[in-house]
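# Structural overview
The chain contents come next:
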Amino acid sequence: MAKRSNDKPTIIVRRTARGLSPVSGFDAEMLAMMTLGAEFDVVPRSRRSLPQHRTYWKALALVVNATEAWPTTGHLHRAVKRALGYVSSVKNLDGSVSEEVDSISFEAMSQDEFKVYFDRAMQCIAEETGIDPLSFLAEAA
């Protein structure tokens, strides 16, 4: 969440069917102090879904247990990121270049980015292993 500063207050708004609306009384008050016609930079933000994050790791555990092709969920996680191209080239001190997998941490990926990654990861796992990694969801229903 953006920090609110006494120097330059941040006005937080939410998109609704009627347009942008202040999130809190403070935001409404700050917005009312702005002149009509004032323009704002709007930066979309969304919180990551903890249930979806947990579902991801549960799906990986199911595949690891079913296939024993990876020693841990962490190994499968890194393999999926590599397969999907979530990698960065890093120059080492000796001048050589190595490839490191990118992070999917809450700070590194927005919810929208994680949703795309999640969907691609589940499809990739299903295609490569023949196992539906989300089969446990159907069983729970």
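No experiment lies behind these values; they were computed from the predicted model shown.

### Let's talk about unusual backbone geometry
Residues other than glycine seldom take positive phi values, yet Glu68 does so here, at roughly 55°. Locating Glu68 in the fold gives a position in the loop between helix H2 (50-67) and helix H3 (73-84).

### Concerning helix H4 (residues 111-129)
Between its terminal C-alpha atoms H4 stretches 26 Å, which fits the 27 Å expected from 19 residues at 1.5 Å a residue. If you check which residues of H4 are buried, you get Gln111, Phe114, Tyr117, Phe118, Ala121, Met122, Cys124 and Ile125. Each buried residue of H4 lies within a common arc of 165° when the element is viewed along its axis, so the set occupies one face. Facing away from the buried side of H4 by over 90 degrees, the exposed positions are Asp112 and Glu127. Residues of H4 that are buried make contact with H2 and H3.

### Observations concerning the pairing of strand S2 (residues 19-22)
Pairing between strand S1 (residues 13-16) and S2: four bridges, direction antiparallel. When the sheet's bridge partners are listed, Thr16 is paired in S2 with Gly19. Connecting the antiparallel pair S1 and S2 is a turn made up of two residues.

### Some points on the confidence of the model for the protein chain
Per-chain confidence: the protein chain averages 89 in pLDDT, with 92% of residues scoring 70 or above. Per-element confidence in the protein chain ranges from a low mean pLDDT of 78 for helix H5 (residues 135-140) to a high of 97 for H3.

What counts and how
- Residues numbered from 1 in each chain as written.
- Predicted model: local features only at pLDDT ≥ 70, side-chain atom pairs only at ≥ 80, totals over all residues.
- Heavy atoms only, no water.
- Helix = DSSP H or I, 4+ residues; strand = E, 2+ residues; numbered from the N terminus.
- Expected span 1.5 Å × (residues − 1).
- Buried < 20%, exposed > 50% of the residue type's maximum accessible area, 1.4 Å probe, protein only.
- Arc of directions from axis to C-beta.
- Contact = heavy atoms within 4.5 Å.
- Pairing = 2+ DSSP bridges.
- pLDDT = per-residue confidence, 0-100.

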